Amino acid sequence: MKRYLLAFLLVLPAFASAQIGGRHVYSFLNLTPAPRTASLGGINISTYDHDANFAYQNPALLNDSMHQQASFSIANYLSDITYGYASYAHHFDQIGATFHTGIQYLSYGQMIQADVFGNQLGNFSAGDVAWLVGGSIEKDLFRFGANFKVVNSNISGFRSHWGLGFDLGGAYISKKGNFTAGMTFRNIGFSITRWNVADELTTGLPFEMSIGLSHRLEHMPLRFSVTATNLQTPNLVFYDRDAPPEIDLSGEPIETSFPFFDNLFRHFVFGTEFLISKGFNIRAGYNHMRRQELRSTSRAGISGFSFGVGIKIKMFRFDYGLTSFHAIGPTHQFMVATNIGSFKKK
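Let me begin by describing the structure that accompanies this report. (Residues numbered from 1 in each chain as written. Predicted model: local features only at pLDDT ≥ 70, side-chain atom pairs only at ≥ 80, totals over all residues. Heavy atoms only, no water.)

## Let's talk about the overall build of the protein chain
Right, on to step 1. Each helix and strand in the protein chain was counted, giving five helices and 14 strands.
Right, on to step 2. Looking at the protein chain as a whole, 45% of its 346 residues are labelled buried.
Right, on to step 3. Considering only contacts within the protein chain whose residues lie at least 6 apart along the sequence, 56% involve residues at least 24 apart.
Right, on to step 4. Only carbon and sulfur atoms are counted for the fraction: they give 63% of the accessible area of the protein chain, which is about 18,300 Å². (Helix = DSSP H or I, 4+ residues; strand = E, 2+ residues; numbered from the N terminus. Buried < 20%, exposed > 50% of the residue type's maximum accessible area, 1.4 Å probe, protein only. Contact = heavy atoms within 4.5 Å. Areas by Shrake-Rupley, 256 points an atom, 1.4 Å probe, with all protein chains shown as cover.)

This is how it looks when you write it as structure tokens:
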């Protein structure tokens, strides 16, 4: 079973096709919701445990161990831009299903308003917000889940833009729980309103198809994860169609070619967790596309790499994640989570 899933994971990018990057509205939906996911490379749809934040990227991972879990995370993004995610999960024994709800926001901060002549007229703010609700059910060794989301982008005093979206997810969990495979179709949806009738952006949300595998070693406190992302788009290497063609010495145009292995690994995100104890974990991840797109021409540094740590103190769990964007600086993400039911027991 594992070998067939891995083979499918490796060859699928060659057969899928679509668009990516700058073609859709609401790109903030692809921001990492929590520091644990961020430290594992930014995308993880196959880790199956008690963390309800994984349900943001794959609703099929919702399970009864997340019952009454509440969490809040916040991150500094670029400049003075901040974003965060708050969630709550609840399991219903009567119907054998787990549900969650969450709010994601992105604040662009205060910006200067000016007229066409450069005269400052004051300040204005802008932001994005998404409210989602989802659930999952279990069938033998498989789980199936879905998220429904309402999305809004707002420029204070000017326009408010709305959209609707869905996420569909599935997961296979082995009998021992050491091996998990997940598959998602995220951001299936459309815009209800548009910024401008001449807007060149498509009215669809940033659709993404992913497949992931996670495996925890039986006799070592290690869990490895690999996620294949953007399977709807075979070519992730940027190509400027408006750039003038390159000419060889004979005057013939040079045909643009894409490096096969570079393009292949841009689809993959790798993550590792050192499960030292129930109250202390260390994490690391690598995102090849992020490294290739954000590295400088002189050196790459640690762009594309991410790190994190998780600590549990009594009834609270604290997570920290660092994502490197090289020249434009790192993103620090923090989260606090607790189980509301534990307070009732006390």
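## Considering the packing of aromatic side chains
Right, on to step 1. Enumeration according to the criterion identifies twelve aromatic pairs in this entry.
Right, on to step 2. Their ring planes at 55° and their centres at 5.3 Å tell us that Phe-148 and Phe-166 sit as a pair that is tilted. In this pair, Phe-148 sits in strand 5 (residues 142-155) while Phe-166 sits in strand 6 (residues 159-173), placing the two residues 18 residues apart along the sequence.
Right, on to step 3. Using a relative accessible area of 40% as the deciding quantity, one classes Phe-166 as partly exposed.
Right, on to step 4. The interplanar angle of 80° and the centroid separation of 5.1 Å between the aromatic rings of Phe-260 and Phe-261 together place this pair among those described as edge-to-face.
Right, on to step 5. On the accessibility criterion, Phe-261 (58% relative accessible area) is exposed. (Phe/Tyr/Trp six-rings, centres within 6.5 Å; stacked < 30°, edge-to-face > 60°.)

## Some remarks on the nonpolar core
Right, on to step 1. In terms of nonpolar packing, the biggest core is built from 15 residues, with Tyr-26, Phe-28, Leu-29, Leu-106 and Val-151 touching the most fellow members.
Right, on to step 2. At the level of elements, strand 2 (82-92) and strand 4 (120-139) are the ones that each hand at least two residues to this core.
Right, on to step 3. If you look at the next biggest cluster of nonpolar residues, it comprises eleven residues, including Phe-179, Leu-213, Leu-264 and Phe-268. (Core = buried A, V, L, I, M, F, W, Y, C linked by side-chain atoms within 4.5 Å.)

## Let's talk about the environment of Arg-143
Right, on to step 1. Relative to the helices and strands, Arg-143 resides in strand 5.
Right, on to step 2. Distance from Arg-143 to Ala-171, taken between C-alpha atoms, is 5.1 Å for residues 28 residues apart in sequence.
Right, on to step 3. Leave out the neighbours within four places in its chain, and Arg-143 touches Tyr-48, Ala-60, Leu-62, Asn-63, Thr-98, Ser-136, Ile-137, Glu-138, Gly-169, Gly-170, Ala-171 and Ile-173.
Right, on to step 4. For Arg-143, the side chain forms a polar contact with the main-chain oxygen of Leu-62, separated by 2.8 Å.
Right, on to step 5. There is a polar contact of 3.1 Å between the side chain of Arg-143 and the side chain of Ser-136. (Polar contact = N/O pair within 3.5 Å; in protein donor to acceptor, adjacent residues only side chain to side chain.)

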